[in-house]
Amino acid sequence: YKTVEGVDVIVTSWPTAIPSSLSYYYVDRWDEYFGWLESDTVYLEPPYVDFNASVQSNNYRYRIQYSDLCGNLGPISKYGQNILLEGEKLYPSQINLKWNRYDQWENGVERYDIHFFNENTESYQFMESVNATTYELNNIDPGSHGVDSSYCYRVTAINYNNPNLKSYSNQR
(Lines give C-alpha, C1' and ligand atoms only; values in the text may rest on other atoms or scores of the structure.)
Protein backbone atom coordinates (compact mmCIF):
# COMPACT_ATOMS: atom_id res chain seq x y z
CA TYR A 1 0.00 0.00 0.00
CA LYS A 2 1.21 3.48 -0.86
CA THR A 3 -0.15 6.89 -1.83
CA VAL A 4 0.92 7.98 -5.33
CA GLU A 5 -0.16 11.39 -6.64
CA GLY A 6 -2.81 11.59 -3.91
CA VAL A 7 -4.32 8.18 -4.78
CA ASP A 8 -4.16 5.08 -2.55
CA VAL A 9 -2.58 2.27 -4.59
CA ILE A 10 -0.97 -1.13 -4.18
CA VAL A 11 2.60 -1.36 -5.45
CA THR A 12 3.87 -4.83 -6.38
CA SER A 13 7.54 -5.42 -7.09
CA TRP A 14 9.55 -8.52 -7.95
CA PRO A 15 13.12 -9.49 -8.76
CA THR A 16 13.70 -9.52 -12.50
CA ALA A 17 14.53 -12.96 -13.84
CA ILE A 18 16.81 -11.83 -16.65
CA PRO A 19 16.94 -8.06 -17.13
CA SER A 20 16.70 -7.69 -20.90
CA SER A 21 14.83 -5.79 -23.57
CA LEU A 22 13.87 -9.26 -24.84
CA SER A 23 11.80 -10.14 -21.78
CA TYR A 24 8.62 -8.90 -20.20
CA TYR A 25 6.15 -9.76 -17.43
CA TYR A 26 2.43 -10.37 -17.00
CA VAL A 27 0.79 -9.36 -13.71
CA ASP A 28 -2.43 -11.15 -12.70
CA ARG A 29 -4.73 -9.87 -9.93
CA TRP A 30 -7.16 -11.79 -7.73
CA ASP A 31 -9.99 -10.35 -5.67
CA GLU A 32 -12.97 -11.91 -3.91
CA TYR A 33 -15.46 -10.70 -6.50
CA PHE A 34 -13.82 -11.64 -9.82
CA GLY A 35 -11.26 -14.28 -8.80
CA TRP A 36 -8.09 -14.34 -10.93
CA LEU A 37 -7.99 -11.79 -13.73
CA GLU A 38 -5.20 -12.70 -16.11
CA SER A 39 -3.42 -9.70 -17.52
CA ASP A 40 -2.97 -9.07 -21.18
CA THR A 41 -0.84 -6.03 -20.41
CA VAL A 42 2.93 -6.33 -20.75
CA TYR A 43 5.26 -4.84 -18.16
CA LEU A 44 8.91 -4.44 -19.05
CA GLU A 45 10.11 -4.11 -15.45
CA PRO A 46 8.81 -3.79 -11.91
CA PRO A 47 7.02 -2.24 -10.13
CA TYR A 48 3.36 -2.69 -11.05
CA VAL A 49 1.10 0.00 -9.57
CA ASP A 50 -2.56 -0.93 -9.16
CA PHE A 51 -4.53 2.33 -9.34
CA ASN A 52 -7.85 0.42 -9.31
CA ALA A 53 -7.49 -1.24 -5.91
CA SER A 54 -9.87 -0.40 -3.05
CA VAL A 55 -7.10 -0.58 -0.48
CA GLN A 56 -9.25 0.40 2.51
CA SER A 57 -11.75 -2.41 2.07
CA ASN A 58 -10.48 -5.27 -0.14
CA ASN A 59 -7.79 -7.90 -0.10
CA TYR A 60 -5.94 -8.56 -3.37
CA ARG A 61 -3.43 -11.12 -4.56
CA TYR A 62 -0.92 -10.64 -7.35
CA ARG A 63 1.19 -13.11 -9.31
CA ILE A 64 3.83 -12.56 -11.97
CA GLN A 65 4.81 -14.57 -15.03
CA TYR A 66 7.89 -14.01 -17.15
CA SER A 67 7.86 -14.26 -20.93
CA ASP A 68 10.32 -13.67 -23.74
CA LEU A 69 9.74 -12.31 -27.24
CA CYS A 70 9.48 -15.85 -28.62
CA GLY A 71 6.47 -16.49 -26.40
CA ASN A 72 8.25 -18.83 -23.97
CA LEU A 73 6.61 -18.51 -20.55
CA GLY A 74 8.31 -18.98 -17.22
CA PRO A 75 6.56 -20.41 -14.17
CA ILE A 76 3.88 -18.39 -12.40
CA SER A 77 5.21 -16.85 -9.21
CA LYS A 78 3.90 -17.41 -5.71
CA TYR A 79 1.26 -14.79 -5.07
CA GLY A 80 1.76 -11.66 -3.00
CA GLN A 81 -1.06 -9.90 -1.23
CA ASN A 82 -1.82 -6.67 0.54
CA ILE A 83 -2.28 -6.43 4.30
CA LEU A 84 -5.81 -5.28 5.08
CA LEU A 85 -6.01 -3.54 8.46
CA GLU A 86 -9.36 -3.17 10.19
CA GLY A 87 -10.00 -1.09 13.28
CA GLU A 88 -12.79 -0.98 15.80
CA LYS A 89 -13.29 1.88 18.23
CA LEU A 90 -15.05 0.44 21.27
CA TYR A 91 -14.80 3.49 23.51
CA PRO A 92 -12.98 6.80 23.11
CA SER A 93 -10.09 5.25 25.00
CA GLN A 94 -10.15 1.71 23.56
CA ILE A 95 -9.36 0.58 20.02
CA ASN A 96 -8.91 -2.92 18.58
CA LEU A 97 -6.90 -3.58 15.42
CA LYS A 98 -6.80 -6.76 13.32
CA TRP A 99 -5.18 -7.66 10.00
CA ASN A 100 -4.64 -10.61 7.71
CA ARG A 101 -1.48 -12.69 7.75
CA TYR A 102 1.20 -11.77 5.22
CA ASP A 103 2.84 -15.05 4.25
CA GLN A 104 4.19 -14.78 0.73
CA TRP A 105 7.88 -14.30 1.50
CA GLU A 106 9.99 -17.43 1.18
CA ASN A 107 11.10 -17.46 4.83
CA GLY A 108 8.13 -15.56 6.17
CA VAL A 109 7.56 -12.58 8.40
CA GLU A 110 9.82 -11.86 11.35
CA ARG A 111 7.34 -9.52 13.08
CA TYR A 112 4.63 -6.95 12.56
CA ASP A 113 5.31 -3.35 13.60
CA ILE A 114 2.35 -1.18 14.51
CA HIS A 115 2.64 2.57 13.92
CA PHE A 116 0.33 5.48 14.64
CA PHE A 117 0.16 8.75 12.75
CA ASN A 118 1.40 11.66 14.83
CA GLU A 119 -0.35 14.79 13.59
CA ASN A 120 2.19 17.06 15.28
CA THR A 121 5.12 15.63 13.30
CA GLU A 122 2.98 14.55 10.31
CA SER A 123 4.66 11.16 10.27
CA TYR A 124 4.10 7.62 11.45
CA GLN A 125 5.70 6.71 14.76
CA PHE A 126 6.51 3.25 16.06
CA MET A 127 4.12 2.04 18.73
CA GLU A 128 4.67 -1.69 19.24
CA SER A 129 5.92 -4.92 17.64
CA VAL A 130 4.13 -8.26 17.75
CA ASN A 131 5.37 -11.67 16.67
CA ALA A 132 4.73 -13.15 13.24
CA THR A 133 1.78 -15.25 14.43
CA THR A 134 -0.16 -12.35 15.96
CA TYR A 135 -2.77 -10.65 13.77
CA GLU A 136 -4.50 -8.34 16.20
CA LEU A 137 -3.80 -5.81 18.89
CA ASN A 138 -6.57 -5.09 21.38
CA ASN A 139 -7.37 -2.51 24.02
CA ILE A 140 -5.15 0.21 22.58
CA ASP A 141 -5.48 3.48 24.46
CA PRO A 142 -4.79 6.24 21.90
CA GLY A 143 -4.19 8.79 24.65
CA SER A 144 -1.22 6.81 25.98
CA HIS A 145 0.62 7.53 22.72
CA GLY A 146 -0.36 11.18 22.48
CA VAL A 147 -2.96 10.49 19.80
CA ASP A 148 -6.16 12.49 19.83
CA SER A 149 -9.54 11.29 18.60
CA SER A 150 -8.47 11.55 14.94
CA TYR A 151 -6.13 8.56 15.19
CA CYS A 152 -4.69 6.63 12.28
CA TYR A 153 -2.75 3.34 12.42
CA ARG A 154 -0.85 1.09 10.02
CA VAL A 155 0.82 -2.31 10.27
CA THR A 156 4.14 -3.17 8.65
CA ALA A 157 5.22 -6.76 7.96
CA ILE A 158 9.01 -7.13 8.31
CA ASN A 159 10.72 -9.81 6.20
CA TYR A 160 12.45 -12.55 8.22
CA ASN A 161 15.70 -12.55 6.19
CA ASN A 162 15.88 -8.89 5.19
CA PRO A 163 14.49 -6.26 7.61
CA ASN A 164 14.66 -3.67 4.82
CA LEU A 165 12.00 -5.62 2.89
CA LYS A 166 8.60 -4.52 4.20
CA SER A 167 4.92 -4.65 3.30
CA TYR A 168 2.58 -1.94 4.55
CA SER A 169 -1.10 -2.21 5.36
CA ASN A 170 -3.72 0.37 4.55
CA GLN A 171 -4.24 3.17 7.05
CA ARG A 172 -7.05 2.76 9.52
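Residues numbered from 1 in each chain as written. Predicted model: local features only at pLDDT ≥ 70, side-chain atom pairs only at ≥ 80, totals over all residues. Heavy atoms only, no water.

Draft legend 1. Broad picture of the overall build of the protein. When helices and strands are tallied, the protein shows zero helices and 15 strands. With respect to the three principal axes, the spread of C-alpha positions in the protein is 60 × 30 × 30 Å. The proportion of buried residues among the 172 residues of the protein is 40%. Within the protein, contacts between residues separated by at least 24 positions form 54% of all contacts whose residues are at least 6 apart in sequence. For the protein, the computed accessible surface area is about 10,200 Å², with 47% contributed by carbon and sulfur atoms. Here the protein contributes 12 positively and 22 negatively charged side chains, and the mean placements of these two sets differ by 3 Å. (Helix = DSSP H or I, 4+ residues; strand = E, 2+ residues; numbered from the N terminus. Buried < 20%, exposed > 50% of the residue type's maximum accessible area, 1.4 Å probe, protein only. Contact = heavy atoms within 4.5 Å. Areas by Shrake-Rupley, 256 points an atom, 1.4 Å probe, with all protein chains shown as cover. Lys, Arg positive; Asp, Glu negative; His and termini not counted. Charge placed at Lys NZ, Arg CZ, Asp CG, Glu CD.)

Draft legend 2. Structural view of the sheet that holds strand S13 (residues 136-140). Overall, antiparallel pairing links the three strands, which are arranged S9-S10-S13 in an open sheet. Each end of this open sheet is capped by a strand with a single partner; those strands are strand S9 (85-91) and S13. The mean inter-strand angle of the sheet, taken between neighbouring strand axes irrespective of direction, is 10°. Here strand S10 (residues 94-99) pairs with S13 via three bridges, running antiparallel. Residue Leu97 lies in a different strand from S13, and its bridge partner there is Leu137. (Pairing = 2+ DSSP bridges. Axes fitted to C-alpha atoms, helices over the stretch in contact; angles between N-to-C directions.)

Draft legend 3. Looking closely at the sheet that holds strand S1 (residues 2-4). With antiparallel pairing, three strands are arranged side by side in an open sheet as S1-S2-S5. In this open sheet, the two edge strands, each paired with only one partner strand, are S1 and strand S5 (48-50). Pairs of neighbouring strands in the sheet enclose a mean axial angle of 50°, with direction left out of account. As defined by bridge partners, strand S2 (residues 7-12) adjoins S5 across three bridges and the pair is classed as antiparallel. Bridge pairing in S5 links Thr12 to Tyr48.

Draft legend 4. Looking closely at the pairing of strand S14 (residues 153-159). For S14, the buried fraction is high: six of the seven residues fall into the buried class. As defined by bridge partners, strand S11 (residues 109-118) adjoins S14 across seven bridges and the pair is classed as antiparallel. The residue of S14 that forms the bridge with His115 is Arg154. The pairing of S14 with strand S15 (residues 166-168) spans three bridges and is antiparallel. Looking at the pairing, Ile158 lines up with Lys166 of S15.

Draft legend 5. Local environment of the pairing of S2. Bridging between S1 and S2 involves three bridges; their strand directions are antiparallel. Residue Val4 lies in a different strand from S2, and its bridge partner there is Val7. With antiparallel pairing between neighbouring strands as the criterion, S1 and S2 make up a hairpin whose turn holds two residues, including Glu5 at a positive phi of roughly 50°.

Draft legend 6. Broad picture of a nonpolar patch on the surface. Residues Tyr33, Phe34 and Leu37 make up a contiguous nonpolar surface patch of roughly 390 Å² in combined accessible area. Structurally, Phe34 is set in the loop between strand S3 (23-31) and strand S4 (35-37). (Patch = residues over 30% accessible without salt bridge, like charges linked within 9 Å, V, L, I, M, F, W, Y side chains within 5 Å. Salt bridge = Lys/Arg side-chain N within 4 Å of Asp/Glu carboxyl O.)

Draft legend 7. Looking closely at unusual backbone geometry. Residue Pro46 is joined to Pro47 through a cis peptide bond whose omega torsion reads 0°. By the element assignment, Pro47 lies in the loop between S4 and S5. Phi is positive for Asn139, close to 60°, though the residue is something other than glycine.

Draft legend 8. Broad picture of the nonpolar core. Counting 18 residues, the largest nonpolar core has Leu97, Trp99, Tyr112, Ile114 and Tyr153 as the members making the most contacts within it. For this core, the secondary-structure elements that each account for two or more residues are S10, S11, strand S12 (123-131), S13 and S14. Broken down by element, this core gets its largest block of residues, four residues, from S11. Those residues in contact with Leu97 that sit more than four places away from it in its chain are Leu85, Glu86, Gly87, Ile114, Tyr135, Glu136, Leu137, Asn138, Ile140 and Tyr153. (Core = buried A, V, L, I, M, F, W, Y, C linked by side-chain atoms within 4.5 Å.)

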